[in-house]
Amino acid sequence: MPSSIVDALASFTVPARPDQIGMVRRCLREFTSWLTLAPDLLADLLLMTCEVLTNAVQHGCSPDRDDDRVRIDVQLIRASAVRVSVTDPGHGYGRLPWPGEEEEHGRGLLIVAALATDLGEYTAADGAHTVWFTLGDCSALPSPR
C-alpha cells in the first residue's frame, strides 16, 4: 500500500493516435488490478479515462503532426480514491461548444462529469492541456497540481 497522501500508481505516454486507446484501456486495467475496485467502479474508471483520452487525441493534438504524445497519470489518493490526469500538447483545436440535442458526438466530458467525484482542467505555461478527474471519496483531497 502506498504510504503518502498521493502516490503515483502509473504514468505513461502514448502516441496521440486513436489506435492507442484500447492499449491504454488494457494497461490501465492491469495497473489497477491490485486495487480490487468494485467491477462497476473499474468500468467507470476505464470509460472515463478513455473518454478523456479520446478528447485529448481528437482535440488537443494536431492531425498534421505525427510526433504528438499524450501522457496519462494515475494516482491513488488516501487509499480511497483514484485520480486520472490526461495531458495533451495543447496545439490541436480550441475549446469546443457543448453538443446540440441532435449531435451524435461531443458528450464524453458530460459522461465523465456525471460519474466523477471531482473534475477539472488546467493549461500549463507551455500550452499543454490537462484534464483530470477523481473517482471515489474525495473528502479533503490535495490539489491536483
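What you see is a predicted model; the values in this text were computed from it and never measured.

Caption draft 1: Highlighting the pairing of strand 3 (residues 81–88). Taken across its eight residues, strand 3 has eight buried, putting it largely inside the fold. The side-chain alternation of strand 3 yields two buried faces, one formed by Ala81, Arg83, Ser85 and Thr87 and the other by Val82, Val84, Val86 and Asp88. Bridging between strand 2 (residues 69–77) and strand 3 involves seven bridges; their strand directions are antiparallel. The residue bridging Ile72 from the neighbouring strand is Val86, located in strand 3. Sheet topology note: the strand 3/strand 5 (residues 129–136) ladder contains eight bridges and is antiparallel. Across the sheet, Val82 pairs through a bridge with Leu135, a residue of strand 5.

Caption draft 2: Expanded view of the packing of aromatic side chains. With the rule as written, the count across this model stands at one aromatic pair. Look at Phe12 and Phe31: their rings are 5.6 Å apart centre to centre, the planes differ by 35°, and that puts the pair in the tilted class. In this pair, Phe12 sits in strand 1 (residues 6–15) while Phe31 sits in helix 1 (residues 21–31), placing the two residues 19 residues apart along the sequence. Residue classification places Phe12 among the buried residues on the basis of a relative accessible area of 13%. Look at Phe31 and you get partly exposed, because its relative accessible area is 35%. Over the aromatic face of Trp132 sits the side chain of Arg83, whose NZ or CZ is 4.8 Å from the ring centroid.

Caption draft 3: Region of interest: the pairing of strand 5. Of all eight residues that make up strand 5, seven are buried, and the element is covered over most of its length. Here strand 4 (residues 118–123) pairs with strand 5 via six bridges, running antiparallel. Residue pairing for strand 5: Asp118 is matched across the bridge by Thr134. Between strand 4 and strand 5, which pair antiparallel one after the other, the connecting turn spans five residues, and Gly127 there sits at a positive phi close to 95°.

Caption draft 4: Inspection of the packing of helix 1 against helix 2 (residues 39–59) at higher detail. The contact between helix 1 and helix 2 brings their axes to 10 Å, and the two run at 145°. Read as a crossing pair, helix 1 and helix 2 show a hand that is right-handed. Only Leu42, Leu45, Leu46, Leu47, Thr49, Cys50, Leu53 and Thr54 of helix 2 make contact with helix 1, whose side of the interface consists of Ile21, Val24, Arg25, Leu28 and Arg29. Its residues assigned to classes, the contact of helix 1 with helix 2 shows nine nonpolar, two polar and two charged.

How each quantity is defined
Residues numbered from 1 in each chain as written. Predicted model: local features only at pLDDT ≥ 70, side-chain atom pairs only at ≥ 80, totals over all residues. Heavy atoms only, no water. Buried < 20%, exposed > 50% of the residue type's maximum accessible area, 1.4 Å probe, protein only. Helix = DSSP H or I, 4+ residues; strand = E, 2+ residues; numbered from the N terminus. Pairing = 2+ DSSP bridges. Phe/Tyr/Trp six-rings, centres within 6.5 Å; stacked < 30°, edge-to-face > 60°. Lys NZ or Arg CZ within 6 Å of the ring centre and 35° of its normal. Axes fitted to C-alpha atoms, helices over the stretch in contact; angles between N-to-C directions. Left-handed = near helix turned anticlockwise from the far one by under 90°. Contact = heavy atoms within 4.5 Å. Nonpolar A, V, L, I, M, F, W, Y, C, P; charged D, E, K, R; others polar.

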